[in-house]
Amino acid sequence: MTSRTSRIFFSHNCATIKFMKKGFTKSEDDESKKTKQQIIDDDHWVLDIPELKEKESKYIAEPSCVPLEELRWGRMSFKGFNPEIEKLMSQKEKDEELSRAEEREKLLGVSEEQMTERYPV
């Protein structure tokens, strides 16, 4: 058996009919597009440009205004306007003051080891 080609040949009289001409031109256009696509491969469109490096910005983007304004916390209340928030604020202030005192004690205080070295028993 012989292999059939995808193109069928018609007689001259049949090929001269107007609607048959349109069909032939479409099929020829499709074939020419397929051959062009086969010629052009992916390597053809790759550019040899070095990758762009990100520039270092001299500006810092801050998502919140809290560090800019040196705020302590988000919600605040004064003179009994919102007692729950005021309780939270006072508790937070106490915790912060306690942690600052502990850090000061660590920096300025004398450890037990230093005391035993300085004053032997």
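Since we're looking at a predicted model, the values are computed, not measured.

Peer 1: Would you mind showing me how to read the overall build of the protein here?
Peer 2: Along the protein, the regular secondary structure elements total five helices and zero strands. Going from N to C terminus, the protein has its helices and strands arranged as α-α-α-α-α. Taking all 121 residues of the protein together, the buried fraction comes to 5%. Carbon and sulfur atoms provide 55% of the accessible area of the protein, an area that totals close to 13,300 Å².

Peer 1: I keep staring at a nonpolar patch on the surface and nothing clicks. Help me out?
Peer 2: Taken together, the side chains of V110, M115 and Y119 present a nonpolar region at the surface, about 330 Å² in accessible area. Looking at where V110 falls in the secondary structure, it is placed in the loop between α4 (83–108) and α5 (112–118). Residue class for V110 comes out exposed when judged on its relative accessible area of 54%.

Peer 1: Whenever I open this one, the confidence of the model for the protein confuses me. Can you help?
Peer 2: Close inspection of predicted coordinates is inappropriate in any region flagged by low pLDDT. Residues at a pLDDT of 70 or more form 74% of the protein, whose mean pLDDT is 77. The lowest-confidence element of the protein is helix α1 (residues 12–15), averaging 67 in pLDDT; the highest-confidence one is α4, averaging 90.

Cut-offs used in this document
Residues numbered from 1 in each chain as written. Predicted model: local features only at pLDDT ≥ 70, side-chain atom pairs only at ≥ 80, totals over all residues. Heavy atoms only, no water. Helix = DSSP H or I, 4+ residues; strand = E, 2+ residues; numbered from the N terminus. Buried < 20%, exposed > 50% of the residue type's maximum accessible area, 1.4 Å probe, protein only. Areas by Shrake-Rupley, 256 points an atom, 1.4 Å probe, with all protein chains shown as cover. Patch = residues over 30% accessible without salt bridge, like charges linked within 9 Å, V, L, I, M, F, W, Y side chains within 5 Å. Salt bridge = Lys/Arg side-chain N within 4 Å of Asp/Glu carboxyl O. pLDDT = per-residue confidence, 0-100.

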